[in-house]
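Overview (structure and organization)
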Amino acid sequence: MGRNLKEAMKMLEESQRRIEDENGKKLMSEDIPGPLQGRYENGCAYFHEEEREGLAKICRLAIHSRYEDFVVDGFNVLYNKKPVIYLSAAARPGLGQYLCNQLGLPFPCLCRVPCNTMFGSQHQMDVAFLEKMIKDDIERGRLPLLLVANAGTAAVGHTDKIGRLKELCEQYGIWLHVEGVNLATLALGYISSSVLAATRCDSMTLTPGPWLGLPAVPAVTLYKHDDPALTLVAGLTSNKPADKLRALPLWLSLQYLGLDGIVERIKHACQLSQRLQESLKKVNHIKILVEDELSSPVVVFRFFQELPDSDSVLKAVPAPNVAPATVSRERHSCDALNRWLGEQLKQLVPASGLTVMDLEVEGTCVRFSPLMTASVLGTRGEDVDQLVACIQSKLPVLTCTLQLREEFKQEVEGTAGLLYVDDPNWPGIGVVRYEHANDDKNSLKSDPEGENIHAALLKKLNELESDLTFKMGPEYKSMKSCIYIGMASDDTDVSELVETIAVTAREIEENSRLLENMTEVVRKGIQEAQVQLQKANEERLLEEGVLRQIPVVGSVLNWFSPVQASQKGRTFNLTAGSLESTEHTYVYKVQGTGVTPPPTPSGTRIKQRLPGQKPFKRSLRSSDAVSETSSVSHIEDLEKMEHLSGGPAQNTQETHGPEQPPGDSIQPTGQPEALQDGAQHPEDDHPQVEEPESLR
């Protein structure tokens, strides 16, 4: 009797505790933030600092729910029937590894579900393939445990087909967890059916801090479960007051913003993304990757160019079955241009909060996610309009750069001394390297002489003050220096650019060679002069005799019989590279002029430019280089340039007219022949007097 009474009292206590727990759950579900009231019924909340911590706790709860003896037997239960956690291929990086580390599970317990390959979005989970994987795991004796779905992927903001995934999870008894930025739209009045289906899931993770621009606000994981003991074991509930105070910053922030403030911020972010998406649809050469997600607060776009001879990678988004090793050169070039476009837009419109990312299939793209950045940066509709205007202004530069790359390659390959470097990761018209005389083409090591030449060449090119940007860096396949040429416009004269690079580099090499040769000649001349001076000193000693070298005796001899010694020295002729005696200088008091040095060879082409025209610009393409305030027409400018081109010859003749050199005469027209004959022989009556000093 006593035993039965004790069991009856225990049953009453358990029923009373169950009623209290249910009342506590109702109170907790009512305390869920206002925008989610009525959307996620009978849910409990767990507040955590790390965004992935809530999912790890949910996995523990699922393990305790499916493995009844896990508390007693531990890993032995999991070894006999291995659990399987399904993750989408579009899930955020590192999520699966984090779960295995937190749960102590081996990596084979993770199953990566591929995205759609034939139908639907390429960033949505393939439901049919997932069902096939679940059946295969059941046949192998495994236990499908948990599925992580995305309501807005971390990369492009796509939402999985959560409704179909929920039906599949109910069929096989799998826990469904949902996460993503699109869950923020649950606070709005208009919600897409795919996001609304997330309210039927078993758990979801919300990050209100980045959505609302609130720092130091914890993330929230909402879940549905009836056993408080298992939630306590899993770590989702705690009796510590410090753990309960985690929700205080979020509660205070939500109370400050109010329901209207929360909805207004999320609505403003969605309107910004929709505004940008509608504007980009009207822009050519821009591909939007989230066109089917009308309610997604994420816009991902990229630049593409349709060229007749280019690969299909540039014309459209490539097929998903293309292996990364077979991605064409045009794909890398387009990725480099998109990376340049993203960096330029980030500098021009910093309030947009753009990010540049690399996708496995599409390549490099630009992402606009105002839900994560608008509240902090204060993004407005005017910023979106400015962003669209900047994109339209950069598109001509991108298209022209792509078109001029082939022309630049042909010009470089047809120019002697230049080597075209194929670097698809450079977002410019190309990369070129100058091959000097001592350049080892087969070596991949650094070349100090080549580095000096390219450094001087870079300095010369930057001094031209053109619109092009020049940089120097090592070749991506070796350590040799190259010149990287940036983006170009449609009026860029590629032939002049390549010729200027070749001629300037050649002149720099010749000057360096001349300096090296001069240094060697001077060094040898100094050594030879020292030898000759020492020999002359010995000859002087022999000529004067030994007695004249004695201090007292030499002075007496020099007083009675002075020595008529000539001053002998040496002068070095840099032009001829030889030593000459200074006797001629001391005798005639005139320094020899030597040989006139030959002119330095120069291949620089002097191109006639219009006033205000910058280097490497085509003069006949457009009148942009001419000042808008100029009153001289284009034809007059050309005539003026032709006149200037003939001017130096005429000025030269006029300059030499009054002072004719000896032996040359110009007969003026309109004079009698007698006068001309008389003028031609003035020396008959006055013979010339020889002036040896001046002539010498």
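Calculation rules
- Residues numbered from 1 in each chain as written.
- Predicted model: local features only at pLDDT ≥ 70, side-chain atom pairs only at ≥ 80, totals over all residues.
- Heavy atoms only, no water.
- Helix = DSSP H or I, 4+ residues; strand = E, 2+ residues; numbered from the N terminus.
- Buried < 20%, exposed > 50% of the residue type's maximum accessible area, 1.4 Å probe, protein only.
- Contact = heavy atoms within 4.5 Å.
- Areas by Shrake-Rupley, 256 points an atom, 1.4 Å probe, with all protein chains shown as cover.
- Pairing = 2+ DSSP bridges.
- Axes fitted to C-alpha atoms, helices over the stretch in contact; angles between N-to-C directions.
- Polar contact = N/O pair within 3.5 Å; in protein donor to acceptor, adjacent residues only side chain to side chain.
- Phe/Tyr/Trp six-rings, centres within 6.5 Å; stacked < 30°, edge-to-face > 60°.
- Lys NZ or Arg CZ within 6 Å of the ring centre and 35° of its normal.
- Core = buried A, V, L, I, M, F, W, Y, C linked by side-chain atoms within 4.5 Å.
- Expected span 1.5 Å × (residues − 1).
- Right-handed = clockwise from strand over helix to strand, strands pointing away.
- Salt bridge = Lys/Arg side-chain N within 4 Å of Asp/Glu carboxyl O.

So, the overall build of the protein
If you tally the helices and strands in the protein, you get 23 helices and 17 strands. Across the 696 residues in the protein, those meeting the buried criterion constitute 40%. Pairs at least 24 residues apart make up 66% of the contacts formed inside the protein by residues separated by at least 6 positions. In the form shown here, the protein has an accessible surface area of approximately 40300 Å², with 53% of it arising from carbon and sulfur atoms.

A short note on the sheet that holds strand β13 (residues 430-434)
Spatially, the four strands line up as an open sheet ordered β12-β13-β15-β14, and their pairing is antiparallel. Edge positions in the sheet fall to β12 (418-421) and β14 (470-474), since each has one partner strand and no second. Neighbour to neighbour, the strand axes of the sheet diverge by 35° on average, direction disregarded. Packing of helix α16 (residues 381-413) onto the sheet brings it into contact with β12, β13 and β15 (481-485), and relative to β12 it is tilted by some 150°.

Things to note about the side chain of Thr231
Mapped onto the elements of the fold, Thr231 is located in helix α10 (residues 228-234). Within polar-contact distance, the side chain of Thr231 engages the backbone oxygen of Pro228 at 2.6 Å. Each residue touching Thr231, except ones within four places of it in the same chain, is listed here: Leu61, Tyr223, His225, Leu236 and Thr237.

Description of the packing of aromatic side chains
Throughout the structure, instances matching the rule amount to three aromatic pairs. A ring pair is formed by Phe75 and Tyr79, whose centres lie 6.4 Å apart and whose planes are at 45°; its orientation type is tilted. In this pair, Phe75 and Tyr79 both sit in helix α4 (residues 75-80), four residues apart, roughly one turn of the helix. Cation over ring: Arg52 sits above Tyr98, and NZ or CZ is 4.2 Å from the ring centre.

Notes on the nonpolar core
Among the nonpolar cores identified, the biggest contains 56 residues, and Tyr86, Leu130, Leu147, Val178, Leu183, Met204 and Ile266 are the most heavily contacted of them. Of the residues forming this core, the biggest block, seven residues, is contributed by helix α12 (residues 248-280). Ignoring anything within four residues of it in the chain, the contact list for Leu147 reads Tyr86, Met125, Leu130, Leu165, Cys169, Ile174, Trp175, Leu176 and His177. Counting residues in each nonpolar core, the second largest holds 29 residues, with Cys44, Cys59, Leu105 and Tyr223 among its members.

Some remarks on the sheet that holds strand β8 (residues 286-288)
Taken in spatial order, the four strands of this open sheet run β8-β9-β11-β10, and their pairing is antiparallel. At either end of the open sheet lies a strand with only one pairing partner, and these are β8 and β10 (355-359). Neighbour to neighbour, the strand axes of the sheet diverge by 35° on average, direction disregarded. Lying over the sheet, helix α14 (residues 329-348) contacts β9 (299-303), β10 and β11 (363-368), oriented at roughly 120° with respect to β9.

Observations regarding unusual backbone geometry
The backbone of Ala216 sits at a positive phi, close to 55°, despite the residue not being glycine. Structurally, Ala216 can be placed in the loop between α9 (208-212) and β7 (219-223). Located in the positive-phi region is His285, a residue other than glycine, with phi close to 65°. Along the chain, the position of His285 falls in the loop between α12 and β8. Using a relative accessible area of 29% as the deciding quantity, one classes His285 as partly exposed.

Side note on helix α2 (residues 53-66)
Counted at 1.5 Å a residue, the expected span for α2 with its 14 residues is 20 Å, and the 20 Å between its end C-alpha atoms agrees. Buried residues dominate α2, accounting for 10 of its 14 residues. Residues of α2 that are buried include every one of Gly54, Leu55, Ala56, Lys57, Ile58, Cys59, Leu61, Ala62, Ile63 and His64, and no others.

Some details on the environment of Gly209
Inspection of the secondary structure assignment puts Gly209 in helix α9. Taking the C-alpha atoms as reference points, Gly209 and Ser253, 44 residues apart in sequence, are found 9.5 Å from one another. For Gly209, the contacting residues outside a window of four places in its chain are Leu214 and Val217.

Quick notes on the pairing of strand β2 (residues 83-88)
For a regular strand, side-chain orientation follows a simple rule: the groups alternate between the two sheet faces. Extensive coverage of β2 is indicated by the burial of six of its six residues. Burial along β2 is two-sided: the residues Pro83, Ile85 and Leu87 and Val84, Tyr86 and Ser88 are all buried. Pairing analysis gives four bridges linking β2 to strand β3 (residues 110-113), with the strands arranged parallel. Bridge assignment links Ile85 to a residue of β3, and that residue is Leu110. In this fold, the crossover linking β2 to β3 by way of helix α5 (residues 95-103) has right-handed handedness.

A word on the pattern of salt bridges
By the definition in use, this model includes 15 salt bridges. Among the ionic pairs, Glu50 bridges to Arg52, the shortest N-O distance being 2.9 Å. We classify Glu50 as partly exposed; its relative accessible area is 32%. In this structure, Lys166 and Asp202 form a salt bridge, with 3.4 Å as the shortest nitrogen-oxygen distance. With Lys166 in helix α7 (residues 162-172) and Asp202 in the loop between α8 (193-196) and β6 (203-206), the pair connects residues that are 36 residues apart, well separated along the chain. As far as burial versus exposure is concerned, Lys166 and Asp202 are alike and both buried. One connected set of salt bridges, linked through shared partners, spans Glu51, Arg92 and Glu179.

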